[in-house]
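Here are the chains, one letter per residue:
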Amino acid sequence: MLNPKTIIELDYQFDKSQIDELKKFLDKYFNIYDHEIEIYKAEDYAKQLGVDFVCVSADDDVTKQNNDINDMISSGIDALILNPINAEGVAPAIEACQKADIPVITVDRNVNDGNTAYVGRDNEEMGRLVGEALVEELGGKDKAEGKILEIQGTAGDTVMMARRDGFEAAIAEAPGLE
């Protein structure tokens with residue numbers, strides 16, 4: 001894992017256009033690479049269990065995600081593992097799964113209602129840990145001073161909101177930070 005200090009040092013060693021290209025490359029590479037590895041692992045494990053495994057991407061389109069889920073229900077799936085784009089946006093598809101007695105396991109983002117289980121991180125705790133680490137890096141609760149720019153994920157997303165809440169709670173403990 002890259003240390004944030006390493007990224008800051010890189011910014012001083014390259015010009016802006018090179019940094020932008022490097023960031024685009026790393027983002028694309030790691031997102032694709034991580035996704036491909038996880039899909040491969042899931043496919044391999046399903047094969048070991050003698051289970052059919054189908055993976056589709058909604059490409060951050062909640063309407064497409066609902067349609068994909070409804071298509072899978074029509075095809076006769078036995079269970080759905082779902083990383084919802086939006087906790088509220090997939091409610092119609094979750095309801096359709098409930099009517100068809102199909103268990104829904106959500107991962108990474110939870111939904112508001114209707115899933116059988118949720119597997120994910122405590123995103124508020126993650127935000128709090130990052131906030132606490134930043135406060136320490138800036139001198140500790142009593143000495144840290146300055147303004148912090150928080151870059152958040154998709155507005156309204158449950159993951160973003162939980163991480164924001166945890167981060168902001170930790171920063172609020174240092175009176176010299178805004």
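Residue numbers restart at each chain and count upward from 1, following the sequence in its written direction. Totals for whole chains, interfaces and linings use all residues, but because this is a predicted model, local features are given only for residues with pLDDT of at least 70 and pairs of side-chain atoms are given and counted only at 80 or more. Here the side-chain values reflect all heavy atoms present in the structure, with hydrogen atoms and water set aside.

A closer look at the side chain of Thr-106
Phase 1: Looking at the secondary structure, you find Thr-106 in strand S2 (residues 104-107).
Phase 2: Each residue is assigned to one of three classes by its accessible area relative to the maximum for its type, calculated with a 1.4 Å probe on protein chains only: buried under 20%, partly exposed between the two thresholds, exposed over 50%. By relative accessible area, Thr-106 is classed as buried at 0%.
Phase 3: Residues adjacent in sequence count toward polar contacts only when both atoms are side-chain atoms; beyond that, a polar contact is any pair of N or O atoms within 3.5 Å, and within protein one must be able to donate a hydrogen and the other to accept it. A distance of 3.0 Å separates a polar atom in the side chain of Thr-106 from a polar atom in the side chain of Asn-110.
Phase 4: Engagement of the side chain of Thr-106 in a polar contact is seen with the side chain of Asn-115, the distance being 3.0 Å.
Phase 5: Working rule for contacts: check all heavy atoms of both residues, and any pair within 4.5 Å makes them a contact. Apart from the residues lying within four places of it in its own chain, the contact partners of Thr-106 are Leu-82, Pro-84, Val-111, Asn-115, Ala-117, Tyr-118 and Val-119. Helix and strand definitions here come from DSSP, where helices need a minimum of 4 consecutive H or I residues and strands a minimum of 2 consecutive E residues; each element is numbered from the N-terminal end.

What about the confidence of the model for the protein?
Phase 1: What pLDDT expresses is the predictor's confidence in each residue, scored from 0 to 100. This prediction gives the protein a mean pLDDT of 80; 79% of its residues lie at or above 70.
Phase 2: Taken together, the stretch residues 1-15 has pLDDT below 50 and engages in seven contacts with residues farther than four places along the chain or on a different chain.

Side note on the side chain of Gln-65
Phase 1: On the secondary structure map, Gln-65 appears in helix H3 (residues 62-75).
Phase 2: Taking the relative accessible area as the measure of exposure, Gln-65 reaches 8% and is therefore buried.
Phase 3: Ignoring sequence-local partners within four residues, the contact set of Gln-65 consists of Ala-58, Leu-82, Asn-83, Pro-84, Ile-85 and Val-90.

Here's the deal with the packing of helix H5 (residues 123-137) against helix H6 (residues 158-172)
Phase 1: Where H5 contacts H6, the two axes come as close as 6 Å, and the packing angle between them is 35 degrees. Both H5 and H6 take part in a crossing whose hand is right-handed. The segment H5 lies against H6, with Asn-123, Glu-124, Met-126, Gly-127, Arg-128, Val-130, Gly-131, Glu-132, Leu-134 and Val-135 engaging Val-159, Ala-162, Arg-163, Asp-165, Gly-166, Phe-167, Ala-170 and Ile-171.
Phase 2: All amino acids are sorted into three groups, where Ala, Val, Leu, Ile, Met, Phe, Trp, Tyr, Cys and Pro are nonpolar, Asp, Glu, Lys and Arg are charged, and the leftover types, Gly among them, are polar. Along the lines of polarity and charge, the residues of the contact of H5 with H6 split into nine nonpolar, four polar and five charged. Between N-to-C directions, angles span 0 to 180 degrees; the directions come from axes that are lines fitted to C-alpha atoms, helices contributing only their stretch in contact. Helix crossings fall into two classes, left-handed where the near helix is turned counterclockwise from the far one by less than a right angle and right-handed where it is turned clockwise.

Topic: the nonpolar core
Phase 1: As used here, the term nonpolar core means buried Ala, Val, Leu, Ile, Met, Phe, Trp, Tyr and Cys residues forming a set that is joined through side-chain atoms within 4.5 Å. Within the largest apolar cluster, 13 residues are counted, with the highest numbers of intra-cluster contacts made by Ile-69, Leu-80, Leu-82, Ile-94, Cys-97, Ile-102 and Val-104.
Phase 2: Elements represented by at least two residues in this core include exactly H3, strand S1 (80-82) and helix H4 (91-99).
Phase 3: Leave out the neighbours within four places in its chain, and Val-104 touches Leu-80, Leu-82, Ile-94, Cys-97, Asn-115, Thr-116 and Ala-117.
Phase 4: The next biggest cluster of nonpolar side chains, apart from the first, holds six residues, and it includes Val-135, Ala-144, Phe-167 and Leu-177.

Quick look at the pattern of salt bridges
Phase 1: In the sections that follow, a salt bridge refers to a side-chain nitrogen of Lys or Arg positioned within 4 Å of a carboxyl oxygen of Asp or Glu. Applying the stated rule across the entire model yields eight salt bridges.
Phase 2: With a shortest N-O distance of 3.4 Å, Glu-95 and Lys-99 are connected by a salt bridge. Remark: Lys-99 and Glu-95 occur in helix H4; sequence separation between them is four residues, near one turn of the helix.
Phase 3: For Glu-95, a relative accessible area of 41% translates into the label partly exposed.
Phase 4: Since its relative accessible area comes to 66%, Lys-99 is described here as exposed.

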